[in-house]
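Understanding the architecture of this molecule
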Amino acid sequence: MTASILTLNNGVEIPAIGLGVFQTPPDETVGAVISALQTGYRHIDTAAAYGNEREVGQGIRESGVSREDIFIETKVWISDYGYDETLHAFEKSAAKLGVDQIDLLILHQALPSAFDKTVGAYKALEKLLADGKVRAIGVSNFMVGHLTDLLAQTDVVPAVNQIEVHPYFQQSEVQAFNQEHGILTQAWSPIGGITSYRESAKRSFDEPVILAIGEKYGKSAAQVMLRWHIQSGIQVIPKSTKPERIAENFDVFDFELTVDEIAQIDALDTGERGGPEPEDITLETFGRPIPEA
């Protein structure tokens with residue numbers, strides 16, 4: 001199995017599907033990364049705030065897959081925003097990952113209450129990009145207003161904006177802005193996992209529309225949702241620690257949804273966010289120190 005490739009706005013290529021390790025305990029991360037890379041994944045998405053960058057690096061080294069064949073993405077946490085602080089955040093992440101260069105480094109959240117720190121952090125990413133320490137830069141959980149303000153104060157258009165996207169929460173306005181500006185939409189919780197472990201009215205995995213489509217193709221609900229993203233030009237990072245689920249999530253390149261089936265899934269949007277409201281992110285509420293390497 002091989003993943004299709006997407007091209008970022010600076011010409012760097014990224015696999016259409018990667019492994020996410022949000023909330024993956026460090027002691028399970030190494031095995032999950034090895035399983036994914038041996039399955040055929042070539043993109044791993046982590047973050048300083050996840051506390052498992054070190055184990056991601058270990059899994060990469062133990063996988064038997066060459067480093068140059070793997071696309072590594074990580075995120076700077078809000079506690080390390082500010083120009084100098086973010087330059088140091090890169091050093092911490094690179095050391096934990098055991099690499100000299102990070103393929104994609106992004107800001108984990110906008111910090112609306114201290115947007116000057118957000119801008120300073122992004123300018124540090126621009127410096128890291130210019131120096132060749134990262135191959136691409138971007139943001140995560142930025143809404144249209146945040147993106148508009150950032151673009152007005154910086155030089156490099158983000159290569160990606162990683163946001164919550166799944167059939168029940170599609171953020172069409174943000175997606176449209178991303179597309180208009182050449183920013184790749186990257187979906188976290190792409191199969192609606194957040195609807196399973198948060199208090200939600202319904203789970204995406206139980207959605208009759210998705211199950212019916214899956215039955216037609218002999219595919220699971222997760223595979224149908226991932227295929228929906230991929231055909232919509234969205235990059236996805238499903239997470240799992242189970243080898244069979246990791247393999248299942250990657251097995252989405254041998255079928256194609258019809259225009260009508262995509263429309264049926266598009267119609268499932270409830271507009272209900274599962275993650276925290278981006279405007280509510282503050283250092284006082286969400287800030288926590290990121291340990292040194």
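Look up a bit, the structure's there.
Described in the following lines is the structure provided in the data block. A quick note: this is a predicted structure, and the numbers were derived from the prediction, not measured.

Each value, and the rule that gives it
Residues numbered from 1 in each chain as written. Predicted model: local features only at pLDDT ≥ 70, side-chain atom pairs only at ≥ 80, totals over all residues. Heavy atoms only, no water. Helix = DSSP H or I, 4+ residues; strand = E, 2+ residues; numbered from the N terminus. Buried < 20%, exposed > 50% of the residue type's maximum accessible area, 1.4 Å probe, protein only. Contact = heavy atoms within 4.5 Å. Lys, Arg positive; Asp, Glu negative; His and termini not counted. Charge placed at Lys NZ, Arg CZ, Asp CG, Glu CD. Pairing = 2+ DSSP bridges. Right-handed = clockwise from strand over helix to strand, strands pointing away. Polar contact = N/O pair within 3.5 Å; in protein donor to acceptor, adjacent residues only side chain to side chain. Salt bridge = Lys/Arg side-chain N within 4 Å of Asp/Glu carboxyl O. Axes fitted to C-alpha atoms, helices over the stretch in contact; angles between N-to-C directions. Parallel < 35°, antiparallel > 145°, perpendicular 65-115°, else oblique. Left-handed = near helix turned anticlockwise from the far one by under 90°. Nonpolar A, V, L, I, M, F, W, Y, C, P; charged D, E, K, R; others polar.

Brief notes about the overall build of the protein chain
Along the backbone of the protein chain there are 12 helices and 10 strands. Across the 293 residues in the protein chain, those meeting the buried criterion constitute 56%. Across the protein chain, contacts joining residues at least 24 apart in sequence account for 74% of those joining residues at least 6 apart. Computed over 23 positive and 43 negative side-chain charges, the separation of the two mean positions in the protein chain equals 4 Å.

Here we look at the pairing of strand 5 (residues 71–76)
Summarising burial for strand 5: six of the six residues are buried, a large majority. On strand 5, burial covers both faces: F71, E73 and K75 on one face and I72, T74 and V76 on the other are all buried. Of the pairings in the sheet, the one linking strand 4 (residues 43–45) to strand 5 comprises three bridges and is parallel in character. Residue I44 lies in a different strand from strand 5, and its bridge partner there is I72. Crossover connection from strand 4 via helix 2 (residues 53–62) to parallel strand 5: handedness right-handed. With four bridges connecting them, strand 5 and strand 6 (residues 102–107) associate as parallel partners. The partner of K75 across the bridge, within strand 6, is I106. Tracing the backbone out of strand 5, into helix 3 (residues 83–97) and back to the parallel element strand 6 gives a crossover that is right-handed.

So, the side chain of T154
With respect to the element layout, T154 can be found in the loop between helix 5 (144–153) and strand 8 (160–164). Side-chain polar atoms of T154 contact the backbone oxygen of L150, separated by 2.7 Å. In this view, T154 contacts V119, Y122, K123 and E126; residues no more than four positions away in its chain are not counted.

Points about the pattern of salt bridges
Any two side chains of opposite charge can pair, given that their charged atoms come close. If you walk through the whole model with that rule in mind, you get 12 salt bridges. Of the charged contacts, one joins D80 and K92 as a salt bridge, the two residues approaching to 3.1 Å between their closest N and O atoms. Here D80, found in the loop between strand 5 and helix 3, pairs with K92, found in helix 3; they are 12 residues apart in sequence, far enough to count as distant. With respect to burial, D80 and K92 carry one shared label: buried. The salt bridge partner of D131 is K127, with a shortest N-O separation of 3.3 Å. Taking the relative accessible area as the measure of exposure, D131 reaches 43% and is therefore partly exposed. Accessibility expressed as a relative area gives 38% for K127, which makes it partly exposed. By sharing partners, the salt bridges in this structure join R67, D103 and R135 into a single network.

Let's talk about the sheet that holds strand 3 (residues 19–20)
Overall, parallel pairing links the eight strands, which are arranged 3-4-5-6-7-8-9-10 in an open sheet. Bordering the open sheet on either side are strand 3 and strand 10 (235–236), each of which pairs with just one other strand. Bridge analysis of strand 8 against strand 9 (residues 184–188) gives five bridges, and the strand direction is parallel. Within strand 9, the residue paired with Q162 across the bridge is Q186.

A few points about the packing of helix 4 (residues 115–130) against helix 5
For the pair helix 4 and helix 5, the least separation of the axes is 10 Å and the interaxial angle reads 55°. It follows from the interaxial angle that helix 4 and helix 5 lie oblique. Regarding helix 4 and helix 5, the two cross each other, and that crossing is right-handed. Across from F115, V119, Y122 and K123 in helix 4, the residues of helix 5 making contact are H146, D149, L150 and Q153. Residues of the contact of helix 4 with helix 5, tallied by class, amount to four nonpolar, two polar and two charged.

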